Amino acid sequence: MTDTNGNSSSSNNHHHHNQQDLSLYFLELSRHGSSQGPCDMDEDEEAPTELNTINSSGGFLVVSQDKLSIKYTSVDLHGHDVGVIQANKPAPRKRLVYYFEIYVKDAGTKGHVAIGFTSKGFKMRRQPGWEPNSYGYHGDDGLLYRGPGKSETFGPTFTSGDTVGGGINYATQEFFFTKNAQVVGTVSKDLKGPLFPTLAVHSQNEEVHVNFGQKPFAFDLKEFEAQERMKQQLKIEEITLPANVSYGIVRSYLLHYGYEDTLNSFDMASRSTVPPVYIPQENGVDGQEITYALSHRKTLRQLIRNGEIDTAFNKLREWYPQIVEDNTSATCFLLHCQKFIELVRVGALEEAVKYGRIELATFFRLPSFEALVQDCVALLAYEQPQESSVGYLLQDSQREVVADTVNAMILSTNPNLKDSKNCLHSYLERLLRQLTACCLEKRSLSGDQGEAFQLQSALSGGKNC
Amino acid sequence: MSLFWIVIRQLAESEAMATSKKVITREEWEKKLNDVKIRKEDMNKLVMNFLVTEGYVEAAEKFRMESGTEPDIDLATITDRMAVKKAVQSGNVEDAIEKVNDLNPEILDTNPQLFFHLQQQRLIELIRNGKVEEALEFAQEELAPRGEENQSFLEELERTVALLAFEDVSNCPVGELLDISQRLKTASEVNAAILTSQSHEKDPKLPSLLKMLLWAQNQLDEKAAYPRITDIPTATLEDPAV
């Protein structure tokens, strides 16, 4: 017989195996203070910082010492002595927009300055846009060149004293150019592959400086990006959701993690709203699964969040002995580690060492557990452990991982459980994972261009897919 | 010769079908899902943001205690805001206006449209309660001057006053003004204005993220066949249609 708090003593092999899988999942989580996801690498993508002097048309132009300006010193004779130069790196793609600017210091005798994007292997004696796989906005005629024989009116001409910018908008797959902080035009980007910011000079005394972001831009790039994101956001807002979906998801979140008091307040408040919130009838079995052991889970979460590990162990032995009967399980391991951490936190170092010798030593040789044990023990080495590299163990988030582990393990003891994986993630988490995975896959299938969804940034105010 | 071209065309067609959409199996997709890192504290923030923006004060308090998540807005301000919203929803517009001004007199000053809608609601309530003379006086003294300044206000005013022309208001063309949905609309408007004045976003983030999920799946559908979530409330993955 099992009551609503699930005090059953059934634990067959299959059950135990699932338990072990579950707790190992959380063990993985606990090992990194702030784990890195696939999106975190976006910030690491390399970007242009200076001009490439190795492949530039060295004979025709002079590059400054700092590799951020160029000068055409001789006299231009024909169309194959352009002083053109690319950036040292191609434009990074895992972002919404890439942008750079040039400042025309001197338009020289003929003002043949150009700005654009070219691919690797561009013929370094020609203007960007005169050759295949290149786009160039030219200052002398204001035209946009995008390959042999392909040019069109585009924007104003530009000359000495003007600041001209070139950008790639990955959301719309367009190039755009600016003159003195105003967008002058856009053109569809029909090029794939890495693209190098490119500048060119082609008459005597022409001199151009380039800005790859080492100085503030004349153009308000942040505003431009915000507007692009807003356009996408407006399209997304047009989608309709079934009524009260968010409400239902928040409710199952509270149920899943055992936030009982919050749930009760939430339910009470919803009954008195105008109009009262109506939740579509949940699948009977599903509903039962999540209310299972609610007050026990709430109690254990509070104990662990307060660092009262001994009491937590006692409660577990009383209510769910099958979870803690195997002292070598990942669940017990996490609880023991947390006890150790709590002892260090209050400065009871001798006691911590004693405890560690008894409870943690056995885990030292085991591959999945080793890393965490080492980090825990390392806490002893510091006078100010919270400021060390293992300081993450002393944060709330660590207690949270242990609390979530115990929560999942209790959920897994539900005899009506259909799929043990349901204990791992709340519906909210599954939805957020799906959202992230879809955005990443979509990006990867589009030549890995554009920004992908990242929950952390979305919360602080605004990254989209 | 013609058989040759038939075969060529069939090859081209199957080539096109094969390359048009990438197929991702359930196993492959679940691996991608597992690689995503979602932090518990971010999910907590999302839930807290929902509770706070929708005005569940007590629930937000409890959640702060149970999860250690800090609300992104002072909870005291929520109670005031909810009192205003409730007043409008119950038809006590005068009370609501007083409360809004107590909270922040600038809100109505800088929001002529909101103020007009509140006054309009007052008029509707007077008409609903059969206070015809009072309603007419109110319309002439308070609302007509606003109508003179603004064409759309004038049109709204005329629509509202039209209620008085009908014996059976439930069947008249402007009867919807008497519906509770009109109160809710005005209540929402006030709620949003208060949130904005407190430099808080007026909508919770969670619904936008759910919409983004639907949108992202629609976009990805063009390029790949993969397990989708069609039933959001249960977040169930459905196998790809191959």
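It should be emphasised that the depicted structure is a prediction, and the values quoted were computed from it without experimental measurement.

Draft legend 1. Layout of the interface of chain A and chain B. Between chain A and chain B, the contact holds 67 residues from the first and 60 residues from the second. Around 5,800 Å² of area is buried between chain A and chain B when both sides are counted, 70% of it from carbon and sulfur atoms. It is Arg433, Gln434 and Leu459 of chain A that lose the most area in chain A upon contact with chain B, and together they represent 11% of the buried surface on that side. Seen at the junction of chain A and chain B, the total is 5 salt bridges. Here Lys211 of chain B makes a salt bridge to Glu237 of chain A, at a shortest N to O gap of 3.4 Å.

Draft legend 2. Broad picture of the environment of Gly185 of chain A. Residues and elements named next belong to chain A. With respect to the element layout, Gly185 can be found in strand β11 (residues 182-188). Once the C-alpha coordinates of Gly185 and Leu144 are considered, the two residues, 41 residues apart in sequence, prove to be 9.3 Å apart. Gly185 has contacts with Phe154, Phe175, Phe176 and Phe177, leaving out every residue within four places of it along the chain.

Draft legend 3. Representation of the UniProt feature "domain: CTLH" (unreviewed entry) in chain A. Look at the UniProt record and you will see "domain: CTLH" (unreviewed entry) annotated at residues 293-351 of chain A. For residues 293-351 of chain A, the end-to-end C-alpha separation is 34 Å, with 78% helix and 0% strand making up the annotated structure.

Draft legend 4. Examining the sheet that holds β11 of chain A more closely. Residues and elements named next belong to chain A. With antiparallel pairing, 7 strands are arranged side by side in an open sheet as β1-β2-β13-β4-β9-β10-β11. Because the sheet does not close on itself, it has two edges, and the strands there are β1 (61-63) and β11. Each strand axis lies, on average, 20° off the axis of its neighbour in the sheet, ignoring direction. Sheet topology places strand β10 (residues 174-179) next to β11; 6 bridges connect them, and they run antiparallel. Bridging from a neighbouring strand, Lys179 pairs with Gln182 of β11. Packed on one face of the sheet, helix α2 (residues 221-237) meets β4 (97-107), β9 (163-169), β10 and β11 and runs near 145° to β4.

Draft legend 5. Representation of the packing of aromatic side chains. Scanning the entire structure with this criterion turns up 27 aromatic pairs over all chains. Residues Tyr253 of chain A and Tyr259 of chain A carry aromatic rings whose centres are separated by 6.5 Å and whose planes lie at 20° to one another, so their mutual orientation is stacked. Here the two residues Tyr253 of chain A and Tyr259 of chain A agree in accessibility, since each one is buried. Where Tyr257 of chain A meets Tyr259 of chain A, the ring centres are 6.4 Å apart and the plane angle is 45°; that geometry is what we call tilted. Under the relative-accessibility criterion, Tyr257 of chain A is labelled buried at 4%. Following the ring pairs from residue to residue traces out a cluster consisting of Tyr98, Phe100, Phe117, Tyr135, Phe175 and Phe212 of chain A. The aromatic ring of Tyr257 of chain A is capped on one face by Lys40 of chain B, whose charged end is 4.2 Å from the ring centroid.

Draft legend 6. Looking closely at helix α4 (residues 57-67) of chain B. All of the buried residues along α4 of chain B are Val57, Ala59, Ala60, Phe63, Glu66 and Ser67 of chain B. In this structure, the buried residues of α4 of chain B make contact with α3 (245-257), α4 (260-271) and α6 (294-305) of chain A together with α3 (40-54) and α5 (75-89) of chain B. Remark: Gly68 of chain B follows α4 of chain B within two positions and exhibits a positive phi of approximately 75°.

Draft legend 7. Structural context of the pairing of strand β3 (residues 83-86) of chain A. All names here are of chain A. Side chains Gly83 and Ile85 of β3 all project onto a buried face; the interleaved residues Val84 and Gln86 project onto the opposite face, where all are buried too. As paired elements, β3 and strand β12 (residues 195-201) share 4 bridges and run antiparallel to each other. Looking across to β12, one finds that Val84 is bridged to Ala200.

Draft legend 8. Summary view of a nonpolar patch on the surface. Among the surface-exposed residues, Leu3, Ile6 and Val7 of chain B lie close enough to one another that they form a single nonpolar patch of about 270 Å² accessible area. Tracing the backbone shows Ile6 of chain B in helix α1 (residues 2-20).

Draft legend 9. Just the domain arrangement of chain B, in detail. When its domains are assigned, chain B resolves into domain 1 (73-197) and domain 2 (204-242). Of note, the centres of domain 1 of chain B and domain 2 of chain B, computed from C-alpha atoms alone, are 39 Å apart.

Draft legend 10. Here's a closer look at the confidence of the model for chain A. All names here are of chain A. Summing up the model confidence of chain A, the mean pLDDT is 86 and the portion of residues at 70 or higher is 88%. Mean pLDDT values for the elements of chain A range from 54 in helix α5 (residues 284-291) up to 97 in β9. Across residues 1-13, confidence stays below pLDDT 50; counting only partners more than four residues off in sequence or on other chains, it has 20 contacts.

Conventions we followed
- Residues numbered from 1 in each chain as written.
- Chains lettered and ligands numbered in written order.
- Predicted model: local features only at pLDDT ≥ 70, side-chain atom pairs only at ≥ 80, totals over all residues.
- Heavy atoms only, no water.
- Contact = heavy atoms within 4.5 Å.
- Buried area = accessible area lost by both parts, 1.4 Å probe.
- Salt bridge = Lys/Arg side-chain N within 4 Å of Asp/Glu carboxyl O.
- Helix = DSSP H or I, 4+ residues; strand = E, 2+ residues; numbered from the N terminus.
- UniProt positions renumbered as here; feature names shortened; annotations may be inferred.
- Pairing = 2+ DSSP bridges.
- Axes fitted to C-alpha atoms, helices over the stretch in contact; angles between N-to-C directions.
- Phe/Tyr/Trp six-rings, centres within 6.5 Å; stacked < 30°, edge-to-face > 60°.
- Buried < 20%, exposed > 50% of the residue type's maximum accessible area, 1.4 Å probe, protein only.
- Lys NZ or Arg CZ within 6 Å of the ring centre and 35° of its normal.
- Patch = residues over 30% accessible without salt bridge, like charges linked within 9 Å, V, L, I, M, F, W, Y side chains within 5 Å.
- Areas by Shrake-Rupley, 256 points an atom, 1.4 Å probe, with all protein chains shown as cover.
- Domains from an automatic or database assignment.
- pLDDT = per-residue confidence, 0-100.

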